[in-house]
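Inside the fold
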Amino acid sequence: MQRNISLRMTNEQISSGLWYFGLFNGIGPMRTQSKMINRGPTYSFSGNISVEGCTTTMLWGQYCNQTVNPLSCVDSYSLTKNHSDTELYNQTAANVIACTNADDNSCQGENELKVYSLDVMGIAEELTIRAMNARFNESQPSNGSSNSSGIILMCYVRHGAMPLSTSHDYSGDINKFPLVIRSPKVGRWYITIQPANLSNEIGGIQDMSIKVCYVLEWQVLQCPLDKAGLNCTWERYMLQTFLRKNPSAPFESFYLPTSGKVSSDSANFPLEPLLSNSTFGEKPDVAWTYFLLDIPGGAAGGNIHIRLTSDAQMNYEIFAKYGGLPSLDTWDYFYANMTSSSNGSMFFKLYDSSEKTVSFYILYVRGGTWSFGLRQLNPASTASASQTTMSISLERCPRRCSSHGTCQSVVDASGLALYSYCYCDRDHGGFDCSVELVAHRGHILQSISLIASNAAAVLPAYWALRQKAFAEWVLYTCSGISSGLYHACDVGTWCALSFRVLQFMDFWLSFMAVVSTFVYLAAIDEVSKRTIHTVVAILTALMAETGPTRSHNIILVIAIGSLGLLIGWLIEFCTNYRSLSFSTEFCINMLYRLQTINGWIHDLIVTLIKRFRWGFVLAGFTALAMAAISWKLETSSSYWIWHSVWHVSIYTSSFLFLCSKVKTLHCEDQGPSDGNYELTRQDSLPRGGG
């Protein structure tokens, strides 16, 4: 994430329809065993989407000063009729709509763009665009050097968006050959015509008044409702929706053919009675059968589940397409065999693939018409040898989250579509909870490691009890117990209290134990120690409540502990030297005598050296560094390893720091080491003089 993210798309990049913008975090089979691993701060964000466009759909361009010419059928050009040409349509009725542009002739100069729009209202087999009667206008020079047959009329076609030479779906010179679009999608198509190389056709003369005129003609081939294919010989079935009554998963349904050839007793229907007859096709060894279904807008975001089961080896290939009929040339998703499919697509998930069973999902489908083409190989040899059942259903969560999670649903920002996702358990991940992140035995091992590693708290607790530091003993003991209970709940083993309470107790007592280790190193009385502990308890409680998993809490805790140690040393210093009586003259002399200051610093260093066992101090800092490294190395997958190391390291470092302190006499029983300013001990016994 950046502080500001800006995305700008031009009109050539935007297609008409519904657009979704999503912000995703943690995509993929990620291990999310511990909630503690999410240490990052929480960010709030806002988005602003603005769409700049022309007020009407018939205008385009940066300044909305260019016109889109709609193509429609004028009465005099309507050629809608039923053909029965046996050579072309194989004695099968087809509907052909052939029309021209409304203003008949269109004239354009070289590299001048002209945009047309065409609406394909229903499922069609073919869209053909051609230019008729292309010629130059009357201002052409009559030197006989021009050749109208050599005129280049480049045609760029795109579905739902403005086509250009750099961005288009189909293109071609429609003056030479018609531009044929097989299985065009339903919706609005935009057509851009651009003449080229006109100066070469008129003898190299560059004249801006020279234009080429033409008549644009388009044809749409549509078959009857129950037929499909260029010859209208293949069977086409419109599937009927049957809702499933499941309150926990709304908008789930299955689809059955409306034909009377099969019954609707279950979600599965036999396939063989519905297959097309291969004798009428272009190739006798291939037959196509099409199934169409409508996804309502409210059910968009669901998952289409296709399943085929046969008692023999299947010879079927499945092609899917949104808004049009699929073919070998145009499709959105396909399955051919176990090694050839769209399984590389993030919206296609293949589960079962064998010689007798096929099962796959198309994820997060759009609302509208979906077409499925079943391509049957060698239909003559397999027509009666096998029995195949097919099921097509719309489900919210694939495979019911593989029985390793629950299906959750959310409504999008518009409130018009319901999206579902799988909330997986601790051992599984992936969008369908099918990815095993850790085996059951591994989960037990990780749970034991995270819980049992807190036994390292026995080390500092034992030493504190031995030194009769009862406050520290209580802190270390309670910290180890609360951490074990927290991790037992975090990994899903057992929750003694609510997760929030256990998390607060774990972090609060851990913070207190770290600071208490620092305070223990100062030889101060119990009253001062209780005062420091009270202040620290308030500060660490606020930290554990407001943001316990933040990484900079470690720095804050160490800073608070260091400050507590410094305050303890100041209290100890003031206590040890408060009985020293210095004259005013001595104080003035000490401030100005460098030798005296050096001696005082030397005495302080000697005192610190004698105060600690520096081997234990060095070992304590080493263990503390190991704890910091393990904290830094924690990831979602290796959390259980490094956090267990963290438990052992942090408690071991506390134990070593406690052992590093040398037990000293009380301040009233000792004096400063400098003999020049040593106070005379007063003996309580009277000196014998006799």
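What counts as what
- Residues numbered from 1 in each chain as written.
- Predicted model: local features only at pLDDT ≥ 70, side-chain atom pairs only at ≥ 80, totals over all residues.
- Heavy atoms only, no water.
- UniProt positions renumbered as here; feature names shortened; annotations may be inferred.
- Helix = DSSP H or I, 4+ residues; strand = E, 2+ residues; numbered from the N terminus.
- Buried < 20%, exposed > 50% of the residue type's maximum accessible area, 1.4 Å probe, protein only.
- Areas by Shrake-Rupley, 256 points an atom, 1.4 Å probe, with all protein chains shown as cover.
- Axes fitted to C-alpha atoms, helices over the stretch in contact; angles between N-to-C directions.
- Parallel < 35°, antiparallel > 145°, perpendicular 65-115°, else oblique.
- Left-handed = near helix turned anticlockwise from the far one by under 90°.
- Contact = heavy atoms within 4.5 Å.
- Nonpolar A, V, L, I, M, F, W, Y, C, P; charged D, E, K, R; others polar.
- Pairing = 2+ DSSP bridges.
- Salt bridge = Lys/Arg side-chain N within 4 Å of Asp/Glu carboxyl O.
- Patch = residues over 30% accessible without salt bridge, like charges linked within 9 Å, V, L, I, M, F, W, Y side chains within 5 Å.
- Phe/Tyr/Trp six-rings, centres within 6.5 Å; stacked < 30°, edge-to-face > 60°.

- The protein chain goes by EGF-like domain-containing protein in an unreviewed UniProt entry, where it is assigned to Ilex paraguariensis.
- The record in UniProt for the protein chain states the following under Subcellular location (unreviewed entry): "Cell membrane".
- The UniProt entry for the protein chain carries this comment under Sequence similarities (unreviewed entry): "Belongs to the TMEM8 family."

**Quick word on the overall build of the protein chain**
- Scanning the protein chain from terminus to terminus reveals 13 helices and 28 strands.
- Put simply, the protein chain has 690 residues, and 43% of those count as buried.
- Just so you have it, the protein chain exposes about 38,000 Å², and 57% of that area is on carbon and sulfur atoms.

**Some words on unusual backbone geometry**
- You will see that Arg399, though not glycine, has its phi angle at about 55°, which is positive.
- Its relative accessible area of 43% is what places Arg399 among the partly exposed residues.
- Positioned with a positive phi, Ser403 is a non-glycine residue whose angle comes to about 60°.
- Tracing the backbone shows Ser403 in the loop between β24 (388–395) and β25 (405–411).
- A relative accessible area of 68% places Ser403 in the exposed class.

**Overview of the packing of helix α5 (residues 458–466) against helix α13 (residues 639–660)**
- Look at α5 against α13: their axes get within 7 Å of each other, and the N-to-C directions meet at 25°. Put simply, α5 runs roughly parallel to α13. Along this stretch, α5 crosses α13, giving a crossing that reads as left-handed. For the pair formed by α5 and α13, the contact residues are Leu459, Pro460 and Trp463 on the first element and Tyr651, Thr652, Ser654, Phe655, Leu658 and Cys659 on the second.
- Taken together, the residues of the contact of α5 with α13 sort by class into seven nonpolar, two polar and no charged.

**Concerning the packing of helix α4 (residues 440–452) against α13**
- Axis separation between α4 and α13 bottoms out at 8 Å; the angle between their running directions is 20°. The angle between α4 and α13 falls in the class roughly parallel. As for the relative orientation of α4 and α13, their crossing is left-handed in sense. Across the interface between the two elements, Leu445, Gln446, Ser449 and Leu450 from α4 touch Tyr639, Trp640, His643, Ser644 and His647 from α13.

**A few points about the UniProt feature "transmembrane region" (unreviewed entry) in the protein chain**
- Mapped onto this structure's residue numbering, the UniProt feature "transmembrane region" (unreviewed entry) falls at residues 507–524, 531–548, 554–571, 614–633 and 639–659.
- In this annotation, residues 531–548 is assigned 89% helix and 0% strand; the end-to-end C-alpha distance for the span is 24 Å.
- With 100% helix and 0% strand, the stretch residues 554–571 has end C-alpha atoms that lie 26 Å from each other.

**Observations concerning the sheet that holds strand β2 (residues 66–70)**
- Sheet architecture is open: six strands sit in the order β1-β2-β5-β10-β7-β8, paired in mixed fashion. Each edge of the open sheet is held by one strand with a lone partner, namely β1 (59–60) and β8 (170–173).
- Of the pairings in the sheet, the one linking strand β5 (residues 114–120) to strand β10 (residues 187–196) comprises seven bridges and is antiparallel in character. Bridge pairing links Leu118 to Trp189 in β10.

**Notes on the pattern of salt bridges**
- In total, this model carries eleven salt bridges according to the counting rule given.
- For Asp352, the salt bridge goes to Arg307, with nearest N and O atoms at 3.3 Å. Of this pair, Asp352 sits in strand β21 (residues 348–353) while Arg307 sits in strand β17 (residues 303–310), and the two are 45 residues apart along the sequence.
- With relative accessibility at 33%, the residue Asp352 sits in the partly exposed group.

**As for a nonpolar patch on the surface**
- On the surface, a cluster of nonpolar side chains totalling about 690 Å² of accessible area is made up of Leu7, Ile14, Trp19, Phe21, Ile49 and Val51.
- Checked against the element boundaries, Phe21 lands in the segment before β1.

**A look at the pairing of strand β6 (residues 126–136)**
- Most of β6 is tucked away: eight of the eleven residues are buried.
- In the sheet, β6 pairs with strand β9 (residues 179–182) via four bridges, with the strands oriented antiparallel. Bridge pairing in β9 places Glu126 opposite Arg182.
- Here β6 runs beside strand β11 (residues 212–222); their pairing, made up of nine bridges, is antiparallel. Among the inter-strand pairings, Met132 is bridged to a residue of β11, identified as Val215.

**Re the packing of aromatic side chains**
- Going through the model one piece at a time under the given rule, you end up with 21 aromatic pairs.
- Seen from their ring centres, Tyr170 and Trp189 are 6.2 Å apart, and the 40° between their planes marks the pair as tilted. Highlighted residues: Tyr170 in strand β8 and Trp189 in strand β10, separated in sequence by 19 residues.
- With 5.9 Å between their ring centres and 15° between their planes, Phe319 and Phe334 make a pair best called stacked.

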